[in-house]
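As a plain string of letters, each chain reads:
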Amino acid sequence: MISPEKWTALETRMATLGIIDEELTEKFILGSGSGGQKINKTHSCVYLKHHPTGIEIKCQSSRSRELNRYHARRELCDELEERRLGRESKRRQQIEKIRRQKRRRSRRSKQKSVEDKRLLSRKKQLRKPPAREE
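Residues numbered from 1 in each chain as written. Predicted model: local features only at pLDDT ≥ 70, side-chain atom pairs only at ≥ 80, totals over all residues. Heavy atoms only, no water.

A. Structural view of the pattern of salt bridges. Per the counting criterion, the structure on display carries 11 salt bridges. D78 is the salt-bridge partner of R13, the closest N and O atoms lying 2.5 Å from each other. Here R13 is found in helix 1 (residues 4–17), whereas its partner D78 is found in helix 3 (residues 65–85), with 65 residues between them in sequence. In this structure D78 comes out as partly exposed when scored by relative accessible area, which is 24%. (Salt bridge = Lys/Arg side-chain N within 4 Å of Asp/Glu carboxyl O. Helix = DSSP H or I, 4+ residues; strand = E, 2+ residues; numbered from the N terminus. Buried < 20%, exposed > 50% of the residue type's maximum accessible area, 1.4 Å probe, protein only.)

This is the structure in structure tokens:
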């Protein structure tokens, strides 16, 4: 279960973003996917709709309804922050950081890296004692 501290932190975050519980439509729908009979028989999937913005969130991250309610509200806050802040939001910055990390390096950059490695290798070879002749 979610600790009371986390719930209060989420509620304060929702209040700062201007999300009121009366503006939300919350439904519990039948789950689907892996998990077998338990997930297919219980209504643990949470559907949230924020009427002023029209944002719809569907969350089924766990088998617990209470945990899914928490995750859905947190996702709603993330989505609303991203819409308001745009590129400045933390989520968008993380996505951009990962995109930059995965981007292929330029040919010139690769050549420079390989050349630096060769130079370092030569430097290390000079540090070794001379080979003995037997």
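B. Focus on the sheet that holds strand 3 (residues 55–59). With antiparallel pairing, 3 strands are arranged side by side in an open sheet as 1-2-3. Either end of the sheet is taken by a strand with one partner, and the two such strands are strand 1 (24–29) and strand 3. Adjacent strand axes in the sheet meet at a mean angle of 15 degrees, parallel and antiparallel pairs treated alike. Where strand 1 meets strand 2 (residues 45–50), 6 bridges bridge the pair, whose relative direction is antiparallel. When the sheet's bridge partners are listed, K27 is paired in strand 2 with Y47. Running over the sheet, helix 3 touches strand 1, strand 2 and strand 3 and is turned about 145 degrees from strand 3. (Pairing = 2+ DSSP bridges. Axes fitted to C-alpha atoms, helices over the stretch in contact; angles between N-to-C directions. Contact = heavy atoms within 4.5 Å.)

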